[in-house]
Amino acid sequence: MSLVTVLSPAPGQPLFFLRGAASTYACGVHPSGLLCHLHWGGPLAPDASLAERLESGAAAFSPERRRGAALWPKTGYDTLRYEYPTANTGDFREPAVDVRHADGTHGLRLIYAGHRVLPGKPALPGLPATYAEAPAEAETLEVDLRDERENSGILVTLSYTVFADRDVIARSARITNRGSAPITLTRALSAALDLPHHRHDLLTLPGAWARERWVERAALRSGAQWIGSRRGASSHQSHPFFALLAPQADETQGEARGFSLVYSGNHHGGAEVDQLFRARALLGIHPDGFEWHLAPGESFQTPEVVLAFSAAGLGGLSGQYHRLYRERLVRGPWRDRERPILINNWEATYFDFTAEKLAAIARTAGALGIELFVLDDGWFGKRNDDTTSLGDWFVDRKKLPEGVADVGRRIEAEGLRFGLWFEPEMISPDSELYRAHPDWCLHVPGRARTEGRHQLVLDFSRPEVVDAIYTQVAKILREAPIGYVKWDMNRHLTEVGSAALPPERQGEVFHRHILGVYAFAERLVREFPELLIEGCSGGGGRYDPGMLHYTPQFWCSDNTDAIARLRIQHGTSLVYPPCTMGAHVSAVPNHQLHRSTSMGTRGRVALAGQFGFELDLTKLDEADLAEAKDLVEQAKRTRHLLRHGDLHRLADPASGNLAAWMLVSPERDEAVVTAVLALAEPNWRFAPLHLRGLDPTARYRCVHGPEGEWTGDVLMELGLPLDALSQDFQSLRWHLRRIA
Ligand code: GLA
């Protein structure tokens, strides 16, 4: 049976049903010709009589239009439930798309003009996206809508991909000017839909530097509740994701609907509750600072939104995103490989290092079983602090007289692979590049160039700028034995203008810049397919699905304090699988929060993601070295669970003193369970920790961690005792294996 079913209750009014594993998405053409939303939720059998459910009636003050003795004598344009709402033709709610026409007027009304069903999933030109590896994995419905205005020539094609055996729909829109005059898009969001009621909680992931993706949840109320970034990056402050949850939904039950934008630039999204208490959800590129000039014959492609549904609460929703993102968003050979355990020198040395010092850290690392050494910021130009040299991607011979390749060879001699830090999109005013090309940064003539961390942003909307940086970076990668790159991005965009674009295209710079970032990434992964790239932006500032398409893992946060990390990692795990999440053991007192926690707890928290270290190993005492070695061994013994296991969040660090989570193998024969106590309370006992996802009849033995042997039903129904947790920052980790 196909995934997309098209029924024709009346000529020119098809109904579309997209069938997920345990969900259905349905929409159809209303008698007015408008494409309207029907259903997104549990399974619904295709049925032509459901066409009448597209009707919405009118409300007082609702714009309507008569059409002779039409089938739809009264249609309230602001009460219909749309799939892609438009501006200035009677729907007063937030539009998904708007156009300024050549005559200066704006608005459009989109009427059904045809559709097709394609096997698989077409790529989005120039944009990261989820993909199907075989045609049978997915089906794509494309619906053409044309602007009703005479001679307008605007064609909007909505794309819906439904994946077999998943509950996700990827949506995007392509807008084409088939008229004879230029038009200007003033907004072009990726997806919208009108849900039948507003009884949902809106869950978002706002944050700040060192405090990324804290979960916020509040009931929807009348009016607009938006999230958004105007920073030119997905950012620490807002995150391009939200979910609408049934009020009673929790980790394991209740309906949850997710909206995740596969994009790294500005975003705008959320929900608007209308006068009839229905909820419009939408997500896409932020309309502020966005315009796109479309000459006759040109098209604009929006990034995609991944919609996910689960009736099994937030845990079920995360499961949908985790599986799709690790299997069909991340790409390249590292997608399916276990990742190396790394040591990064940033918090160990900052800018102050020599080749000998690096080799000494690598030597200790090698003895512990660590597999990759990452040389962070400070190896290039004349960079001894953060005031200079971005854009000068050649080695600092004063600091490293024998060059980067020599450092790489020394590291390899210690038995580790070698990795290097870059920040390709940036330029320091104090750099050779800036002195040669002062117009290569984003800027507005006559306006001061605002710096952030003493740096400016290169104008990646210009292909020659992208090319020049690529040439420098690729030269280093070709010459030195480099297996890994950390790709950083340490400020947001200001004075967003380009010296290379004409006035009518200045509104395109934000998006063109991101397209340049993606073009750079695409070139990098094509020329160096074996390179493992870890994304970073002052920690997790650009940890988004767009970047994950190129960088299979992302540095989760510059905050390496184990206790603060609990909440950051918990929020991150709502959307992103643990195998994408960089997490390191750092020194104590912690450099961000000055808190001291044990090596064991720092390690157990870092073992929740792609494990590594970020401290001077040569300064550890014998006891910590032994514990670090044990952590490395645990990381190796359980990293297949990180790659393929299912995550269950067992205790939310934001709603108590305890954080707990577990990973279970798909075969349910192995699991790791971690519990971390933040602050101890007097005379207190935690209830046992109820596990999930195990085989109730199987017997499990703890092969590393507190000793014990239990059956799956006992672990799930009675729980693992937590009596041993009684001190601040204490933690436990069980590695469970099924026994015969
Ligand atoms: C950012 C990153 C850090 C480190 C520094 C180097 O802050 O998040 O991990 O690489 O830059 O300057």
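Everything that follows concerns the structure shown earlier in this document.
Anyway, here's the lowdown on the structure attached to this text. A quick note: this is a predicted structure, and the numbers were derived from the prediction, not measured. (Residues numbered from 1 in each chain as written. Predicted model: local features only at pLDDT ≥ 70, side-chain atom pairs only at ≥ 80, totals over all residues. Heavy atoms only, no water.)

1. Some points on the site of the ligand
Among the 13 residues in the neighbourhood of the ligand, the closest are listed as D376, D377, K486, G539 and D558. At 3.0 Å from an oxygen atom of the ligand is found a side-chain nitrogen or oxygen belonging to W421. Here an oxygen atom of the ligand and a side-chain polar atom of R453 are 2.9 Å apart. When the ligand is considered free in solution it has 310 Å² of accessible area, and contact with the protein chains removes 96% of it. Residues of the shell around the ligand, tallied by class, amount to 4 nonpolar, 3 polar and 6 charged. (Near = heavy atom within 4 Å. Polar contact = N/O pair within 3.5 Å; in protein donor to acceptor, adjacent residues only side chain to side chain. Areas by Shrake-Rupley, 256 points an atom, 1.4 Å probe, with all protein chains shown as cover. Nonpolar A, V, L, I, M, F, W, Y, C, P; charged D, E, K, R; others polar.)

2. A word on the pattern of salt bridges
One pass over the full model with this rule turns up 55 salt bridges. Notably, a salt bridge pairs R335 with E133, separated by 3.1 Å at the nearest N-O pair. Of this pair, R335 sits in the loop between helix 1 (313-328) and strand 21 (342-344) while E133 sits in the loop between strand 6 (110-119) and strand 7 (138-147), placing them 202 residues apart in sequence. A salt bridge links D430 to K382, with the shortest nitrogen-to-oxygen separation between them at 2.9 Å. Separated by 48 residues along the polypeptide, D430 in the loop between strand 24 (426-427) and helix 5 (432-436) and K382 in the loop between strand 22 (372-375) and helix 4 (403-413) bring together distant segments of the chain. Using a relative accessible area of 45% as the deciding quantity, one classes K382 as partly exposed. Salt bridges here are not isolated pairs; linked through shared partners, they connect D91, R93, D194, D274, R278 and R280. (Salt bridge = Lys/Arg side-chain N within 4 Å of Asp/Glu carboxyl O. Helix = DSSP H or I, 4+ residues; strand = E, 2+ residues; numbered from the N terminus. Buried < 20%, exposed > 50% of the residue type's maximum accessible area, 1.4 Å probe, protein only.)

3. Concerning the layout of surface pockets
For the largest pocket, the calculated volume is near 510 Å³. Of all the elements in the fold, those that place two or more residues in the lining of the largest pocket are helix 6 (463-479) and helix 7 (509-527). A breakdown of the residues in the lining of the largest pocket according to their chemical character gives 17 nonpolar, 6 polar and 9 charged. By volume, the second largest pocket is sized at about 390 Å³. Surrounding the second largest pocket, 25 residues form its lining, W209, R453, N490, G538 and D558 being those nearest its centre. Residue composition of the lining of the second largest pocket, by class: 7 nonpolar, 9 polar and 9 charged. (1 Å grid on protein atoms, 1.4 Å probe; cavity = no way out; pocket = protein on both sides within 12 Å on 5 of 7 lines; lining within 4 Å. Points joined across faces, edges and corners; volume = space filled by probe spheres on them.)

4. Points about the packing of helix 10 (residues 599-606) against helix 11 (residues 622-644)
Viewed as axis vectors pointing N to C, helix 10 and helix 11 meet at an angle of 20°, and their least axial separation amounts to 10 Å. As the angle between them shows, helix 10 and helix 11 are arranged roughly parallel. Pair helix 10 / helix 11 crosses with right-handed handedness. Across the interface between the two elements, M599, G600, R602, G603 and R604 from helix 10 touch D624, E627, A628 and L631 from helix 11. Here the residues of the contact of helix 10 with helix 11 sort into 3 nonpolar, 2 polar and 4 charged. (Axes fitted to C-alpha atoms, helices over the stretch in contact; angles between N-to-C directions. Parallel < 35°, antiparallel > 145°, perpendicular 65-115°, else oblique. Left-handed = near helix turned anticlockwise from the far one by under 90°. Contact = heavy atoms within 4.5 Å.)

Function-wise, these values are silent; they only describe arrangement.
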